[in-house]
Amino acid sequence: TQYPYTPIGMAVQADGTLLAAFGTACWQLDRSLRIIGEPGSVIGERGNAAFAYGVMVTSAGSIILKPGAGKELYRLAPGSKEPTRLLVSTEVSTTFTAAAPDGSIVAVDMMGRRAFRIAGNRRLDLPLYASASHYINTFSVAPDGSIWGWDHTLPGFRVHAAEGAV
């Protein structure tokens with residue numbers, strides 16, 4: 001199937017449907033790649049046209065949308081069309097994010113060299129940086145909650161427990 005846009009973020013839901021983020025739209029695609037939904041479209045309609053520069057899915061089925069700029073993410077609970085704002089407190093354009101199996105969001109601010117977990121309205125700092133000279137430029141959260149990061153200054157992978165300890 002050909003699309004007029006190039007996705008810049010993707011996530012797969014538990015039922016196998018694909019979420020494709022295109023910056024100004026997020027499409028939900030069935031297994032035949034037909035558009036069956038546009039999660040978060042209300043965000044764009046309300047004025048944040050660049051609401052879908054990233055997309056994640058939590059283990060509970062919530063959809064997390066990452067805008068192109070700003071200091072918040074948007075959570076759509078399963079079956080809801082109304083988003084909840086999640087304050088990140090750092091510029092999202094320079095912050096990598098990943099959904100953890102416990103439903104929280106792990107974030108790495110590569111410019112500020114800090115990492116943290118967002119759980120509901122709480123923010124918990126994570127000690128992912130071994131020193132001020134280290135530079136994590138990509139990471140992922142494993143199904144067991146461990147955090148795997150690539151540190152460009154090592155260079156190499158570092159595996160952290162869910163609380164951030166190496």
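Structure: see above.
Worth saying up front: this structure is predicted, and the values here are computed from it rather than measured.

> Give a detailed account of the layout of surface pockets, specifying residues and quantitative values.
Roughly 300 Å³ of internal volume is contained in the largest pocket. Every residue lining the largest pocket is counted, 16 residues in all, and those nearest its centre are P39, I63, L76, S80 and K81. In the lining of the largest pocket, the residues fall into 6 nonpolar, 8 polar and 2 charged.

> So what's going on with the nonpolar core? Which residues, and what values?
C26, I43, F51, A52, V55, I63 and L65 are the most contacted members of the largest nonpolar core, which has 13 residues in total. If you list the elements that add at least two residues to this core, you get β2 (18-21), α1 (41-45), β6 (63-66) and β7 (72-76). Non-local contacts of A52, meaning those with residues more than four positions away in its chain, are made with I8, A21, F22, G23, A25, C26, L65, K66 and P67. Counting 12 residues, the second largest nonpolar core, distinct from the first, contains A100, V106, A115 and F139.

> Report on the pattern of salt bridges, specifying residues and quantitative values.
Per the counting criterion, the structure on display carries 5 salt bridges. In this structure, D102 and R117 form a salt bridge, with 4.0 Å as the shortest nitrogen-oxygen distance. Here R117 lies in strand β11 (residues 114-119) and D102 lies in the loop between β9 (95-99) and β10 (105-109), a separation of 15 residues in the sequence. Its salt-bridge partner being D109, residue R114 comes within 3.2 Å of it at the nearest N-O pair. The exposure class of D109 is buried, given its relative accessible area of 2%.

Conventions adopted
- Residues numbered from 1 in each chain as written.
- Predicted model: local features only at pLDDT ≥ 70, side-chain atom pairs only at ≥ 80, totals over all residues.
- Heavy atoms only, no water.
- 1 Å grid on protein atoms, 1.4 Å probe; cavity = no way out; pocket = protein on both sides within 12 Å on 5 of 7 lines; lining within 4 Å.
- Points joined across faces, edges and corners; volume = space filled by probe spheres on them.
- Nonpolar A, V, L, I, M, F, W, Y, C, P; charged D, E, K, R; others polar.
- Core = buried A, V, L, I, M, F, W, Y, C linked by side-chain atoms within 4.5 Å.
- Buried < 20%, exposed > 50% of the residue type's maximum accessible area, 1.4 Å probe, protein only.
- Helix = DSSP H or I, 4+ residues; strand = E, 2+ residues; numbered from the N terminus.
- Contact = heavy atoms within 4.5 Å.
- Salt bridge = Lys/Arg side-chain N within 4 Å of Asp/Glu carboxyl O.

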